[in-house]
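# Overview (structure and organization)
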Amino acid sequence: MSRPLPLHRGVSGMRNLSNSNDFWDSEVKDKTEKEDLDRNRASDQSYLSLRFPFRLLCPDNSPSKYGITENGFASDPFSVGSPRSRHKLTVLFLKLSLVVIVILALTGSFWWTLSISTLSRGHIFHGYRRLQEQLVLDLWDIGELSLGASRMKEIDFCPEESENHIPCFNISENLALGYSDGSEYDRQCGQGSRQSCLVLPPVNYKIPLRWPTGRDVIWVANVKITGQEVFTSGSLTKRMMMLEEEQISFRSASLMFDGVEDYSHQIAEMIGLRNESNFIQAGVRTILDIGCGYGSFGAHLFSKQLLTMCIANYESSGSQVQLTLERGLPAMIGSFNSKQLPYPSLSFDMLHCARCGIDWDEKDGIFLIEVDRVLKPGGYFVWTSPLTNVQSFLRNKEKQKRWNFVRDFAENLCWELMSQQEETVLWKKTSKKNCYNSRKPGSGPPICSKGQDVESPYYRPLQNCIGGTHSRRWLPIEERPIWPSRSNLNKNELALYGLHSEELNEDTTDSRTAVRNYWSLLSPLIFSDHPKRPGDEDPSPPYNMLRNVLDMNARYGGLNAALLEAGKSVWVLNVVPTSGPNYLPLILDRGYVGVLHDWCEAFPTYPRTYDMVHADGLLSLETSQHRRCTMLDLFTEIDRLLRPEVLQLSCQLSIRAYFSSFYGYLTVSKPMTRPFKWFLSFCQLLLCSNM
């Protein structure tokens, strides 16, 4: 009896055997192929991985190596039709695509590297070394912050009598050192003038009222002047009145109190304009108000798109600057009793002095020379004083003598006397340089030499010569684009400042991004009484709690431009550090206000005067200068400048300049109790989180 043939299932399916030899040969062959398959699966899979994409594009109709037949009893484990194989195929495509991209990128990088000249490679190398060194300095300062409580204990609170103190201004000490004739009011920042303690707010300090109410009504407890001092401070009391013994009200728009609207209208008519709304068309955008009182003139012009910077002497009691800043208006302590102002030559379109307390006829007219230096060609000088009243000359020969000196000296400065009405006189600075050479020999001050004519002096002694004539920025205000076109400079205009349009565009783009991010973070705070949904327009005042911004490292004024472009109702004081590149002339020519400052010294303003402080790039810039001051010194000064409680600090960290991952914004509310630990803790947290 013959043995039944077994039914074999292998990779060849079912066979119809003709004889036993064929059967055993087939069995041995199948067994051998199976062993070979197990042994070489890894190599076969690798081979198929490379072959399979091409099989998809070019299908192979030949019989499968693994025995796929027309019977369909067995299937290829790498069959295209299965879900698993499709997944593997997708992964293979992605891997191949990635390899191709990397190869192309490396090839492009290689050719780009070859195209760089030897000089370019040197610049890149030196720039990289500079960034490395700067990063080490920043990380060193970060390490100081990370020491934590042991360092924080070194910062103590200032005594209560220092709540309105400003370092570098101490009249009693200056008098003891022999300063006199007005120089005792000047800024004297010597060794040890930095304040190493935290200034506490007054006990009864109250959050300022929202704009525009806060512009016209302030809390008496927030400033140094008392209600009694307001009423006994002379004719300026006509600008003010008390409300319930806790508030001071500035009636800047009421004819009953100071008539500032009629006064500004009068100045416009003296220039030949219809009213103050036409100042912009006449080329006037920025005004320096000397001895500004309480800022009523600037407050009125603010609504006309005119930016008025108030400067006044430091006062031991009842400061004009402090009151003006408390109203949310531009102001800073400034005096040219013996030193030049920290503004570049040819900075302002108009200078205004209404009973500002300066005797222009003293010191051989040197104060008028400083006015001429900071005034743009074709700009205006407005002086209101009882000394200019013609009727008083008949009764007082001394007044007539003083007036004649000022009038003749202004003529020798090539100023044109345009109009004189009652107590107000208006001059126009010449637009032509050749006027100075056409003067009679020996008449008036000489022109400064190139060595004397420093474009951006920093509290340099007053010069008895005419400055600004060597500047390439000598351009009459009538020939400048009117505001707001003035803020957008073309390629040729930027060349005057050694700047390329690409640099300005990059700064503008970065600032726009920063403003969007800042406003997103700040909106829940500054619009706390008017909730704002993402994407909604900003609510109009009085809901906006943010009125002024101090940009500690303004560069080209990009933050100022971005805020205006976004329609934010704030003004910016652009500060250019003396330790970095000086683009302050560019900032002022764009129609903004700004000042030079050394941030290792105290800023010339009272405590609690800014709603937001912006410090992009400042920390690395200042702490790298031979370590004259530390990051802790800068933070102490920032704390002094910020308003308490609802007032924010936005700190765009300087490390962004090195690596984009080291980038962040810090937006916190400064508590009214002022523990300094909040500041260091937030900065440390932000730095660590971004590293």
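Going by the structure above, here's the rest.
As the structure is a prediction and not an experimental result, all values here were calculated from the model.

About the cut-offs
The residue count restarts for each chain, going from 1 along the sequence in the order it is written. The predicted nature of this model means local features are confined to residues of pLDDT at least 70 and side-chain atom pairs, given and counted, to a pLDDT of 80 or more, with totals for whole chains, interfaces and linings taken over all residues. Hydrogens are left out, water is left out, and the side-chain values use all remaining heavy atoms of the structure. Under the DSSP-based scheme used, a helix requires at least four consecutive residues in state H or I and a strand at least two consecutive residues in state E, with every element numbered from the N terminus. For every residue, the accessible area (1.4 Å probe, protein chains only) is compared with the maximum for its type, and the residue is labelled buried under 20%, exposed over 50%, or partly exposed between those bounds. Residue contacts are defined here by distance: any two heavy atoms, one from each residue, within 4.5 Å place the two residues in contact. Computed by Shrake-Rupley with a 1.4 Å probe, the accessible areas treat only the displayed protein chains as cover when residues are assessed. Patches in this entry comprise residues that are over 30% relatively accessible and not in a salt bridge; like charges within 9 Å are linked, as are nonpolar side chains (Val, Leu, Ile, Met, Phe, Trp, Tyr) within 5 Å. A pair is scored as a salt bridge if a Lys or Arg side-chain nitrogen falls within 4 Å of a carboxyl oxygen belonging to Asp or Glu. Two rings from Phe, Tyr or Trp (for Trp, the six-membered ring) form a pair when their centres are within 6.5 Å of each other. A pair whose planes differ by under 30 degrees is stacked, one over 60 is edge-to-face, and the rest are tilted. The criterion for a charge sitting over a ring is simple: Lys NZ or Arg CZ within 6 Å of the ring centre, and within 35 degrees of the ring normal. DSSP bridges decide pairing: two strands pair if at least two such bridges lie between them. To get an axis, fit a line to the C-alpha atoms, keeping to the stretch in contact for a helix; angles then go from 0 to 180 degrees between the N-to-C directions. The set of buried Ala, Val, Leu, Ile, Met, Phe, Trp, Tyr and Cys residues whose side-chain atoms join them within 4.5 Å is what this entry labels a nonpolar core. Here a polar contact is recorded for every N or O atom pair within 3.5 Å, except that within protein the pair must consist of a potential hydrogen donor and a potential acceptor, and residues adjacent in sequence are included only if both atoms are side-chain atoms. In this count, Lys and Arg are taken as positive residues and Asp and Glu as negative ones, while His and the chain termini are left out. Lysine's charge is taken at NZ, arginine's at CZ, aspartate's at CG and glutamate's at CD.

For the rest of this paragraph, the subject is the overall build of the protein. Scanning the protein for helices and strands turns up 22 helices and 18 strands. For the protein, the residues scored as buried account for 49% of the 691 residues in total. Long-range pairs, those at least 24 residues apart, make up 69% of the contacts in the protein between residues at least 6 apart in sequence. Accessible surface, the protein: about 34400 Å² in total, of which carbon and sulfur atoms supply 55%.

Judged by side-chain polarity, Leu98, Val102 and Leu106 come together as a nonpolar surface patch covering roughly 290 Å² of accessible area. Counting through the fold element by element, Leu98 comes out in helix H3 (residues 83-115).

All right, on to the packing of aromatic side chains then. Under the criterion given, the structure shown has 20 aromatic pairs. Ring centres of Phe381 and Trp427 lie 5.9 Å apart, and the angle between their planes is 20°; this geometry places the pair in the stacked category. Separated by 46 residues along the polypeptide, Phe381 in strand S10 (residues 375-384) and Trp427 in strand S12 (residues 424-429) bring together distant segments of the chain. Across the pair, Trp427 and Phe381 agree in class, each one buried. Grouping aromatic residues by their ring pairs yields a cluster made of Phe336, Trp360, Phe367, Phe381, Trp383, Trp403, Trp415 and Trp427. Above the plane of the ring of Trp483 lies Arg285, whose end atom (NZ or CZ) is 3.6 Å from the centre.

A regular strand places its side chains so that they alternate between the two faces of the sheet. Judged by which residues are buried, strand S5 (residues 247-250) turns out to be covered on both faces: Gln247 and Ser249 on one side and Ile248 and Phe250 on the other are all buried. Sheet topology note: the strand S3 (residues 217-219)/S5 ladder contains 3 bridges and is antiparallel. Directly across from Trp219, in S5, lies its bridge partner Gln247.

Across the 11 residues that make up helix H21 (residues 631-641), a large majority, 10, are buried. Among all positions in H21, only Met631, Leu632, Leu634, Phe635, Thr636, Glu637, Ile638, Asp639, Arg640 and Leu641 are buried.

Our next topic: the sheet that holds strand S6 (residues 286-290). With respect to topology, 7 strands assemble into an open sheet ordered S8-S7-S6-S9-S10-S12-S11, the strand pairing being mixed. Of all strands in the sheet, those bounded by a partner on one side alone are strand S8 (331-333) and strand S11 (415-421). Between one strand axis and the next, the sheet turns through 20° on average, direction left out of account. Pairing of strand S9 (residues 348-354) with S10 involves 6 bridges; the strand directions are parallel. What sits directly across from Leu351, in S10, is Phe381. Strand contacts of helix H9 (residues 260-271): S9, S10, S11 and S12, with the helix running at about 45° to S12, the strand carrying the most contacts. Relative to the sheet, helix H12 (residues 366-374) contacts S9, S10, S11 and S12, its axis offset from that of S10 by approximately 135°.

Grouped together as the largest cluster of nonpolar side chains are 73 residues, with contacts concentrated most on Tyr343, Trp360, Phe381 and Leu550. Looking at this core, the element that brings in the most residues is H12, giving 6 residues. Among all residues touching Phe381, those that are not within four sequence positions of it are Leu351, Cys353, Trp360, Leu368, Val371, Leu375, Trp415, Val425, Leu426 and Trp427.

Before going further, it helps to examine the side chain of Asp598. Within the secondary structure, Asp598 is located in the loop between strand S15 (593-597) and strand S16 (612-614). The exposure class of Asp598 is buried, given its relative accessible area of 9%. A distance of 3.0 Å separates a polar atom in the side chain of Asp598 from the backbone nitrogen of Cys600.

Moving on to a negative patch on the surface. On the surface, Glu502, Glu503, Glu506 and Asp510 cluster together into a negatively charged patch. With respect to the helices and strands, the residue Glu502 is situated in helix H17 (residues 501-526).

With that settled, the discussion passes to the pattern of salt bridges. Where charged atoms of side chains with opposite charge meet at close range, the side chains can pair. Here the structure, examined in full by the defined rule, presents 21 salt bridges. Between Arg407 and Asp408 there is a salt bridge, with its nearest N and O atoms 3.5 Å apart. Using a relative accessible area of 37% as the deciding quantity, one classes Asp408 as partly exposed. Across the pair Arg473 and Glu455 runs a salt bridge whose closest N-O atoms are separated by 3.1 Å. With Arg473 in the loop between helix H15 (434-437) and helix H16 (491-495) and Glu455 in the loop between H15 and H16, this pair connects stretches of sequence that are 18 residues apart. Looking at Arg473, the relative accessible area reads 3%, which means it is buried. Each of the salt bridges in this network shares a partner with another, and the network as a whole consists of Glu326, Arg547, Asp611 and Arg643.

A few words on helix H18 (residues 558-565). Counting buried residues along H18, 6 of its 8 residues qualify, which places the element largely inside the surrounding structure. Listing the buried residues of H18 in full gives Gly558, Leu559, Asn560, Ala561, Ala562 and Leu563. Phi turns positive, to about 75°, at Gly567, one or two residues after H18.

Locating Ser511 in the fold gives a position in helix H17. The exposure class assigned to Ser511 is buried, which follows from its relative accessible area of 9%. Expressed as a C-alpha distance, the spacing of Ser511 and Ala562, which sit 51 residues apart in the sequence, is 5.9 Å. If near-sequence neighbours (up to four positions away) are discounted, Ser511 is found in contact with Gly558, Leu559 and Ala562. Polar side-chain contacts of Ser511 include one of 2.9 Å to the backbone oxygen of Asp507.

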